Amino acid sequence: MNQSFYSAAVGAYQQNLRMHVQGNNIANVNTQGFRAEKVAFGELMNRNVNGIDGAQLPKGTGTRVIQATVDFAGTAFKETGRTFDFGIDGDGFFALFDPDTREISYTRDGSFMMAQFFIQPDENAVPEEDGEEPQPTEVWRLSDNEGRCVLDPQGNFIVIDPENREAPLTLGVFDFAIHEGMEHADSSRFLATERNGQLYLGTGQVKQGLLEMSNTDITQEFIKVIESQRAYGFALKMMQTSDEIETTINGLRG
């Protein structure tokens, strides 16, 4: 009885984890560049035991969530006409550099903006002729909405002339041989890991004035939600039945 109760409890908990993934996918159905996740399950210490007439009967402790793999399949584009909106037609990612943490992340969300940055003078800079200390230099760069800088194909910041905002910009498209294993940094940003291999320039073409939408299939997500709800209910029913049987057995002692 303890084994059946434990297996049911593990199953209910794992279905709860699956529901979290499906809920996150549904919540980001309108997030530009979002890539949905798919839950993968694995067995927990399953083995065979001897039954009647030497039959091998399976016995185990259920399954668990191994990982939530990201679905990198492409999806449709939405035309916006805005100057700093970009989409990638094909494979690859935009690269974002965080000046505070020096972290480089990758995204398919090209909803960028023109942001103001101040470059601090070098410590060994020579004072001005009037004796005043050198002042920070103002620059305008292409950035996401959270202070990260977009990189060009050479890995440099993309500088924008505020007097000529319509000037053509060259955005870098970067890619990896293996996408599996990239970590979700937030809804539409990813961090590379050792599993992804060497970084190289991607083959995707940058399109201006449009954005790539989320690849969440809302129909499939609701089907998975129903599956998880039913599996969760069956697991709870199994826990209740196991508890009732053990209670009855304990009541027979005496």
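For clarity, every value in this text was computed on a predicted model and none was experimentally measured.

Calculation criteria
Per chain, the residues get numbers from 1 upward, laid out in the order the sequence is written. Local features are withheld for residues below a pLDDT of 70 in this predicted model, meaning they are given only at 70 or higher, and side-chain atom pairs are given and counted only at 80 or more; totals for whole chains, interfaces and linings count all residues. Each side-chain value is worked out from all heavy atoms of the structure, with water and hydrogens disregarded. What makes a salt bridge here is a side-chain nitrogen of Lys or Arg within 4 Å of a carboxyl oxygen of Asp or Glu, nothing more. Segments assigned H or I by DSSP are reported as helices when at least four residues long, segments assigned E as strands when at least two residues long, and all are numbered from the N terminus. Note on classification: 1.4 Å probe, protein chains only; a residue is buried when its accessible area is under 20% of the maximum for its type, exposed when over 50%, partly exposed between these limits. Stacked, tilted and edge-to-face are the three classes applied to pairs of Phe, Tyr and Trp rings, where Trp contributes its six-membered ring and a pair requires centres within 6.5 Å; stacked means planes under 30 degrees apart, edge-to-face means over 60, and tilted covers the rest. The rule is short: NZ of Lys or CZ of Arg within 6 Å of the ring centre and within 35 degrees of the ring normal puts a charge over the ring.

**Student:** How should the pattern of salt bridges be read in this particular structure?
**Tutor:** Side chains carrying opposite charge are able to pair once their charged atoms draw close together. According to the stated counting rule, one finds 10 salt bridges in the structure shown. Linking glutamate 212 and arginine 108 is a salt bridge whose minimum nitrogen-to-oxygen distance equals 2.8 Å. With glutamate 212 in strand S17 (residues 210–212) and arginine 108 in the loop between strand S8 (104–107) and strand S9 (113–119), this residue pair connects regions lying 104 residues apart in the sequence. Here glutamate 212 and arginine 108 have matching classes, each one buried. Here arginine 148 ties to glutamate 146 by a salt bridge, and the two come within 2.9 Å at their closest N and O atoms.

**Student:** Whenever I open this one, the packing of aromatic side chains confuses me. Can you help?
**Tutor:** Each aromatic ring pair is summarised here by two numbers: the centre-to-centre distance and the angle between the ring planes. Tallying each qualifying case throughout the model produces 7 aromatic pairs. Between the aromatic rings of phenylalanine 72 and phenylalanine 190, the centroid separation amounts to 5.3 Å while the plane-to-plane angle is 50 degrees, which identifies the pairing as tilted. Here phenylalanine 72, found in the loop between strand S4 (63–70) and strand S5 (77–79), pairs with phenylalanine 190, found in strand S14 (residues 189–191); they are 118 residues apart in sequence, far enough to count as distant. Through successive ring pairs, a cluster of aromatic residues spans Phe72, Phe93 and Phe190. Taking NZ or CZ as reference, arginine 141 lies 5.1 Å from the ring centre of phenylalanine 117, over its face.

What is shown is where atoms sit, not what they do.
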